[in-house]
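Chain by chain, the residues:
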Amino acid sequence: MDNSKTKVVVGMSGGVDSSVTALLLKEQGYDVIGIFMKNWDDTDEFGVCTATEDYEDVIRVCNQIDIPYYAVNFEQEYWDKVFTYFLDEYKKGRTPNPDVMCNKEIKFKAFLEHAVKLGADYVATGHYAQVRRTENGVEMLRGVDNNKDQTYFLNQLTHEQLSRVMFPLGHLQKPEVREIALKHDLATAKKKDSTGICFIGERNFKEFLSGYLPAQNGEMQTLDGKLMGTHSGLMYYTIGQRHGLGIGGDGDPWFVVGKNLKDNVLYVEQGFDHEALYSDYLIASDVSFVNPVDLSTPLECTAKFRYRQKDTKVTVEKIDDNTIKVTYAEPVRAITPGQAVVFYDGEVCLGGATIDDVYKTSGQLEYVVQN
C-alpha cells in the first residue's frame, strides 16, 4: 500500500515513545512531519528550560530519520484550558487530572487543529492505545501492554478526533519500543521516561501549588470529631492518602477519608480498609463517549476509577444529558472527586466522565463538603 501521499503530523515530546512513533510511520512510507509542542514555560531556578533540551532531542531524532520538524507554542491555550482548570479543582477541594484535560484540549484539539492547517491527514502520538477502524467508524482499544495502556487518559476523545488519530505503539510492549530505538540508535533510546505532572516536573508539589493558591492550616479530625493534629492546607491531600499526615503511634496507619471545606477540616481514620474509604456508587458529569451509547436503559460494563486500576463491574444510568450515576458491583476504595471514571466493554474504551460526588447506599460520604 502506498502511504506516501498520506501526511501524518507526529506530536514529539523529545522522549523515546514519540521518537519511535515517528520512526515507525516513516518506515511505513508515510509523509511524516514532527512537531514539538511547548505547553509550559518550565525554566528552573538555574535558568535552564527543560523544554529547550527536549526540543533539541526532537531535532536530533528528526534529523536521524530524515523528517522535517517544527515547534509550536500552546502556552496560552494550556494556561487557559488546563492550568486554570487544575487550580479551580483544587480550590473546590477536588483532585484534578490535568493529563486528561491536556489530551482533550491541547494534544487532540489545539494540536490537531494546527496539524490540519498544515494539511495533515492524521496526527500521531506515542500513547499506548489502539484505534480500530470499521465500516461504522472508529473505536478506541486498550494498548496491548497492560502496564502502559493509556486509554484512561484518553477517555474524553470524540469519534471525530479519533478518526484523525494514529497510535503506532498500541500493539507493542514498552520493552519492544526501547529495543526499536536502540536498534536504530535513536538519540532518545536511553532517555528516562518523564513522570508526574508536566508543569511541576521534579519540583516539590506543595511548594509549587503554594505559589498559586494560598494554603490555610486547619484541624485534622476523625469523623467523630477527635482531634488528631493539624493539616497544612486541604488542597495538599487526596482521598486515601497515607503519607504526610504526621500521625504516629501504634497500630494501623492513618488515611485521609474526607474534607470539610466550610470548616477547613481534614478527616482521617485508621486502617487501610476503614469503612469510610469505601463507597457504593458515584455521580459524574462531563460525560463523553467515543461512539453514542444508549442510556435509555442501564448500561452494564466495566470501569476504572484511576490509572492502572483493575476493572470493576458497574452499571451506568443516565440522570440527564451531562450527568450519570455509576453503581459498582461491589464497594470500591478511595474513589476521588475530580478524577475520571472510564468505561470499557472488553478491550474497547467507551469513554468517561468526571467524578463529582461519592456515596454509600446510606448517604453521601464526607469526601467533599462544599461551602
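Owing to the predicted nature of the structure, the values given are computational and were not obtained by experimental measurement. (Residues numbered from 1 in each chain as written. Predicted model: local features only at pLDDT ≥ 70, side-chain atom pairs only at ≥ 80, totals over all residues. Heavy atoms only, no water.)

1. Considering the overall build of the protein
The helix and strand tally for the protein stands at 7 helices and 19 strands. With the principal axes as the frame, the protein shows a C-alpha extent of 70 × 55 × 35 Å. Put simply, the protein has 371 residues, and 52% of those count as buried. Pairs at least 24 residues apart make up 66% of the contacts formed inside the protein by residues separated by at least 6 positions. In the structure as shown, the protein presents an accessible area of about 17,900 Å², 47% of it carried by carbon and sulfur atoms. (Helix = DSSP H or I, 4+ residues; strand = E, 2+ residues; numbered from the N terminus. Buried < 20%, exposed > 50% of the residue type's maximum accessible area, 1.4 Å probe, protein only. Contact = heavy atoms within 4.5 Å. Areas by Shrake-Rupley, 256 points an atom, 1.4 Å probe, with all protein chains shown as cover.)

2. Quick notes on helix α1 (residues 16–27)
For α1, with 12 residues, the first-to-last C-alpha span of 16 Å sits near the 16 Å given by 1.5 Å per residue. Across the 12 residues of α1, 10 count as buried, placing the element largely inside the fold. All buried positions along α1 are accounted for by V16, D17, S18, S19, V20, T21, A22, L23, L24 and L25. Backbone geometry just after α1 places G29 at a positive phi near 90°. (Expected span 1.5 Å × (residues − 1).)

3. Thoughts on the sheet that holds strand β3 (residues 69–73)
An order of β3-β2-β1-β4-β7 is seen for the 5 strands of this open sheet, with the pairing classed as parallel. The sheet terminates laterally at β3 and β7 (165–166), the two strands that pair on one side only. Examined bridge by bridge, strand β1 (residues 7–12) and strand β4 (residues 122–124) share 3 bridges and lie parallel to one another. In the strand pairing of β4, V9 is matched with V123. Against the sheet, helix α4 (residues 98–117) engages β1, β2 (31–38), β3, β4 and β7, with an angle of about 125° to β2. (Pairing = 2+ DSSP bridges. Axes fitted to C-alpha atoms, helices over the stretch in contact; angles between N-to-C directions.)

4. Some thoughts on the layout of surface pockets
Where empty space is left can be seen by rolling a probe of water-molecule size over the atoms. Approximately 300 Å³ is the volume attributed to the second largest pocket. As for the second largest pocket, its lining consists of 13 residues, and the residues nearest its centre are K91, P214, L234, L261 and N264. Classifying every residue of the lining of the second largest pocket gives 7 nonpolar, 5 polar and 1 charged. (1 Å grid on protein atoms, 1.4 Å probe; cavity = no way out; pocket = protein on both sides within 12 Å on 5 of 7 lines; lining within 4 Å. Points joined across faces, edges and corners; volume = space filled by probe spheres on them. Nonpolar A, V, L, I, M, F, W, Y, C, P; charged D, E, K, R; others polar.)

5. Topic: the packing of aromatic side chains
Two aromatic rings, taken as a pair, are described by how far apart their centres are and by the angle between their planes. Taken as a whole, this structure holds 20 aromatic pairs when the rule is applied. For the pair Y55 and Y69, a centre-to-centre distance of 6.3 Å together with 75° between the ring planes defines the contact as edge-to-face. With Y55 in helix α2 (residues 50–65) and Y69 in strand β3, this residue pair connects regions lying 14 residues apart in the sequence. Measuring from ring centre to ring centre gives 5.2 Å for F208 and Y212, while their planes differ by 50°; the resulting arrangement is tilted. F208 gets classed as buried once you look at its relative accessible area, which sits at 8%. Its relative accessible area of 36% is what places Y212 among the partly exposed residues. Each residue in the set W40, Y78, W79, F83, F86, Y90, F205, F208 and Y212 is aromatic and connected to the rest through ring pairs, giving one cluster. Between the NZ or CZ atom of R142 and the centre of the ring of Y344, over which it lies, the distance is 4.0 Å. If you follow R333 out to its NZ or CZ, it ends over the ring of F272, 3.6 Å from the centre. (Phe/Tyr/Trp six-rings, centres within 6.5 Å; stacked < 30°, edge-to-face > 60°. Lys NZ or Arg CZ within 6 Å of the ring centre and 35° of its normal.)

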